[in-house]
Amino acid sequence: QKPVTLFELGKMRAEGRKIAMLTAYDRSFAALCGRAGVDAVLVGDSLGNVLQGQKSTLPVTLEHMAYHTECVARADGRAFVITDMPFGSYHENREQAMRSAARLMAAGAQMVKLEGGEFMADTIRFLVERGVPVCAHIGLTPQSVHQLGGYRVQGRGEEGAARLRADALALEQAGAALMVMEMVPATVAKDVTASLASMATIGIGAGPDCDGQVLVLHDMLGVFPGRTARFVRNFMDGAAGVEDAVSRYVAAVKDGSFPAAEHCY
Ligand code: KIV
Ligand code: NA
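Rules and cut-offs
Residues numbered from 1 in each chain as written. Chains lettered and ligands numbered in written order. Predicted model: local features only at pLDDT ≥ 70, side-chain atom pairs only at ≥ 80, totals over all residues. Helix = DSSP H or I, 4+ residues; strand = E, 2+ residues; numbered from the N terminus. Buried ≥ 20, exposed ≤ 12 C-beta atoms within 10 Å, placed from the backbone. UniProt positions renumbered as here; feature names shortened; annotations may be inferred. Contact = placed C-beta atoms within 7 Å. Pairing = 2+ DSSP bridges. Axes fitted to C-alpha atoms, helices over the stretch in contact; angles between N-to-C directions.

K.L.:
Quick question: what am I supposed to make of unusual backbone geometry here?
P.N.:
Residues other than glycine predominantly adopt negative phi, and peptide bonds predominantly adopt the trans conformation. The step from phenylalanine 258 to proline 259 runs through a cis peptide bond, and the omega angle for that step is 0 degrees. Locating proline 259 in the fold gives a position in the segment after helix H11 (242-254). Backbone geometry places aspartate 76, a non-glycine residue, at a positive phi of 55 degrees. Its location among the elements puts aspartate 76 in the loop between helix H4 (62-73) and strand S3 (80-84). Even without being glycine, methionine 183 reaches a positive phi, approximately 50 degrees. Residue methionine 183 is classed as buried on the basis of its 23 C-beta neighbours within 10 Å.

Structural data, given as structure tokens:
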């Protein structure tokens with residue numbers, strides 16, 4: 001199976017084919033995701049929650065992310081590999097961000113993801129100009145949980161929606177090729193997606209009208225012991241096994257049946 005490239009992801013967006021993304025933190029699951037047709041795997045800093053048992057993603061370090069990226073990259077699977085830049089590893093200045101991104105790219109990441117709106121545009125441009133593909137992340141940004149006052153829906157109201165639209169445009173102009181939108185009203189995510197010229201939007205709790213979808217693997221397999229959000233569907237229900245569950249997720253993203261109304265805000 002031919003590996004998915006950033007070029008192919010852009011083509012999928014242009015042709016209206018949905019991008020199916022899941023988190024993966026190790027070789028076995030990354031390989032399984034590739035076999036099941038997942039287009040991109042995210043080595044998410046959600047590993048702080050689901051692997052390490054932390055209460056937030058804040059304690060996750062660059063070395064944790066590099067280690068799991070190496071594990072995922074060794075799967076040699078079909079999926080494009082994206083790695084989260086952890087809290088504190090890109091906030092000081094763009095040089096620090098480049099240093100952190102280089103560490104993750106050397107570990108096997110093909111793209112890095114960082115959280116933040118317009119204020120991250122300079123950093124993103126600096127990375128992209130130097131050959132580092134960037135995925136942005138707006139809406140609920142878990143690294144800012146203490147500032148946001150919890151894991152709450154973002155972009156509500158006229159002002160919130162306008163903020164997200166302005167952020168998305170600035171991030172696209174800075175050169176981000178993908179952008180995760182997390183926990184925003186479906187109508188706002190649809191509007192933002194339609195307003196962009198080239199950047200592909202990947203939703204999580206952002207409705208069905210994004211260019212793609214992402215979920216945390218442990219959430220959609222129903223193995224995370226904590227409470228899960230409204231936007232999660234347990235794909236093990238009715239599945240013959242783990243790989244079948246992931247295949248069903250891919251199929252549901254591709255045909256637009258996931259997310260359904262009950263998963264949206
Ligand atoms: O860390 C993560 O898993 C993420 C996704 C949920 C988008 O950032
Ligand atoms: Na993350």
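Right, picking up where we left off after that structure.
K.L.:
What is the right way to read the UniProt feature "active site" (unreviewed entry) in the protein chain from this model?
P.N.:
Sequence positions flagged by UniProt for "active site" (unreviewed entry) are, in local numbering, Glu182. Mapped onto the elements of the fold, glutamate 182 is located in strand S6 (residues 178-182). Excluding anything up to four places from it in sequence, glutamate 182 contacts His137, Gly139, Leu140, Ile204, Gly205 and Ala206.

K.L.:
Would you mind showing me how to read the environment of threonine 201 here?
P.N.:
Position of threonine 201 relative to the elements: it lies in strand S7 (residues 200-204). Its 27 C-beta neighbours within 10 Å are what place threonine 201 among the buried residues. Note: C-alpha distance between threonine 201 and valine 50 (151 residues apart in sequence) is 24 Å.

K.L.:
Would you explain the UniProt feature "binding site: Mg(2+)" (unreviewed entry) in the protein chain in this entry?
P.N.:
Mapped onto the present numbering, the UniProt feature "binding site: Mg(2+)" (unreviewed entry) falls at Asp45, Asp84 and Glu115. These annotated residues cover 71 residues of sequence, but their C-alpha atoms sit close together, with the largest distance between any two at 11.1 Å. Turning to its location among the elements, aspartate 84 is positioned in strand S3. Aspartate 84 gets classed as buried once you count the C-beta atoms within 10 Å, which come to 30. Each residue touching aspartate 84, except ones within four places of it in the same chain, is listed here: Val43, Gly44, Asp45, Met65 and Lys113. Relative to the helices and strands, glutamate 115 resides in strand S4 (residues 111-115). Using a count of 23 C-beta atoms within 10 Å as the deciding quantity, one classes glutamate 115 as buried. With residues near it in sequence (within four places) discarded, glutamate 115 still touches His137, Thr141, Gln143 and Ser144.

K.L.:
I would appreciate a short explanation of the sheet that holds strand S1 (residues 19-23) in the present structure.
P.N.:
Strands pair in a sheet through their backbones, by hydrogen bonds, and they do so in one of two ways: parallel or antiparallel. An order of S1-S2-S3-S4-S5-S6-S7-S8 is seen for the eight strands of this closed barrel, with the pairing classed as parallel. If you compare each strand with its neighbour and ignore which way they point, the axes differ by 25 degrees on average. Sheet contacts for helix H8 (residues 157-174): strand S5 (134-139) and S6; angle to S5, the most-contacted strand, approximately 175 degrees.

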